[in-house]
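These are the residues of each chain, in order.
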Amino acid sequence: MGLFGCLLLLPACFFSSRNVSQSPKNKIIPLIHFPADHGNHKGSLTEWWYFNGHLNTDSGKNYSYGFSLFRATALVYFAHVSFTDEKDQQFVFDRIFYPFSKVKFQKNSVGISYGNEQVIEQAGLHTFRLKGKLKNIGIDLVLNIEKAPMLVNGDGKIDMPEGGESFYYSLTRLKTKGVVSIDGTPMPVTGSSWMDHQWGNFYVMDKGWDWFSFQMEDSTEYNLYSFRNSRGRTLKQFVNVLNDQSKISSYREMKILRSSWWENKVTSNKYITAWKLILPGRRDTFFVDANMNNQEIYARKRSDFFPSYWEGRCTVIKKTADGRIVRGQGFAEHFPFGGNKKEK
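The rules we used
Residues numbered from 1 in each chain as written. Predicted model: local features only at pLDDT ≥ 70, side-chain atom pairs only at ≥ 80, totals over all residues. Heavy atoms only, no water. Helix = DSSP H or I, 4+ residues; strand = E, 2+ residues; numbered from the N terminus. Buried < 20%, exposed > 50% of the residue type's maximum accessible area, 1.4 Å probe, protein only. Phe/Tyr/Trp six-rings, centres within 6.5 Å; stacked < 30°, edge-to-face > 60°. Lys NZ or Arg CZ within 6 Å of the ring centre and 35° of its normal. Pairing = 2+ DSSP bridges. pLDDT = per-residue confidence, 0-100. Contact = heavy atoms within 4.5 Å. Salt bridge = Lys/Arg side-chain N within 4 Å of Asp/Glu carboxyl O.

Draft legend 1. Representation of the environment of Leu174. Positionally, Leu174 belongs in strand E12 (residues 165-182). Classification of Leu174 by relative accessible area gives buried; the value is 0%. As for Leu174 and Lys147, which are separated by 27 residues in sequence, their C-alpha atoms are 8.0 Å apart.

Draft legend 2. View of the packing of aromatic side chains. Scanning the entire structure with this criterion turns up 36 aromatic pairs. Ring geometry for Phe51 versus Phe67: centroids 6.3 Å apart, planes at 65°, classification edge-to-face. Taken as a pair, Phe51 in strand E1 (residues 46-56) and Phe67 in strand E2 (residues 62-72) lie far apart in primary sequence, 16 residues in all. The burial state of Phe51 is the same as that of Phe67; both residues are buried. A centroid spacing of 4.7 Å and a plane angle of 75° characterise the contact between Tyr222 and Phe286, whose relative ring orientation is edge-to-face. Of this pair, Tyr222 sits in strand E15 (residues 221-228) while Phe286 is found in strand E20 (residues 284-290), placing the two residues 64 residues apart along the sequence. Directly above the ring of Phe93 sits Arg300, whose terminal nitrogen or CZ lies 3.9 Å from the centroid. Against the face of Tyr298 rests Arg300, its NZ or CZ located 5.6 Å from the ring centre.

Draft legend 3. Layout of the pairing of E20. Of all the 7 residues making up E20, 5 are buried; the element is thus mostly covered by neighbouring parts of the structure. As paired strands, strand E19 (residues 270-279) and E20 are joined by 6 bridges and run antiparallel to one another. The partner of Leu279 across the bridge, within E20, is Asp284. Hairpin geometry of E19 and E20 is characterised by an intervening segment of 4 residues between the two adjacent antiparallel strands and by a positive phi of about 60° at Arg283.

Draft legend 4. Highlighting the confidence of the model for the chain. Across the chain, the average pLDDT comes to 87, with 88% of residues at or above 70. In this model residues 1-27 is a low-confidence stretch, pLDDT under 50, and it forms 64 contacts with partners more than four residues away in sequence or in other chains. Long-range and interchain partners of residues 339-344, a stretch whose pLDDT sits below 50, account for 14 contacts in this model, where long-range means more than four residues apart.

Draft legend 5. The pattern of salt bridges, seen in detail. Summed over the entire model, instances satisfying the criterion amount to 16 salt bridges. Lys131 serves as the salt-bridge partner of Glu121, at 4.0 Å between the closest nitrogen and oxygen. You can see Glu121 sitting in strand E7 (residues 118-124) and its partner Lys131 sitting in strand E8 (residues 127-134), a full 10 residues away along the chain. Across the pair Arg258 and Asp210 runs a salt bridge whose closest N-O atoms are separated by 3.2 Å.

Dropping the structure here:
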């Protein structure tokens, strides 16, 4: 995305598929190439650029936002934009579809515009800019990269449960500053954001997932991804950790204990709002609590056939193998459950 200039200055080992010493004979060819892969991959079936963030005002108010641009084939383009005011317990969201004539992509860069309302653009060597519009709310944020990219699964490629491969990386710490406007009143904000970029020849129809992004106070970040089928049975899992030196560790197992549930009376969908996550590969345990229950994104129009899901900010506590307690912040995203509330 719009960070391609600054990534050229980061150590080359961050962009190889594994952080190992290489000789000319055993050199590993990277699967993801910066800066080109920040932009649109028009040959792929599915692609999205996703951001979440934690924002604070000088007066002490806490906000969070979600911003995603989706492309499904070369025909369907839509944005998911959400904004949460935790103090007033207000959640605003929309899923906005755009015709191809209103969508613009810059070649080999992050310049993306959906209807001139939802925009991702380069703003400097180490910086990109995010502009979004949601009903009476506008966001205009500058995001600065603080750490090297996390190549998910160690090399930036995962196998999707329904077939096909997905390329996937995260930018786990984006120092954030900008303005949020509500009913035309601008408010300066600061905070931290996260970005995911995923693309490939895959589709998601009857599979759900539980996904978490954690930014911890010990300068580690976690990208946790667990697929499940329509009955709730776990299919594939991806556990990714970026340490304080930007070195990634990847595992394939975690246990999810779901301890609190919430039902949206509008849609009758059921979601989890408190979790205990156990990572056997690291012997870390996480206690995760949603900051607000009502954060479901769902269809409001008959023409909208895309699935509903819950996405929101969470408070995170990590207990390490040696007993240390580390606090953090995060986001959770998951698809609804039916009546089966068994632990998985």
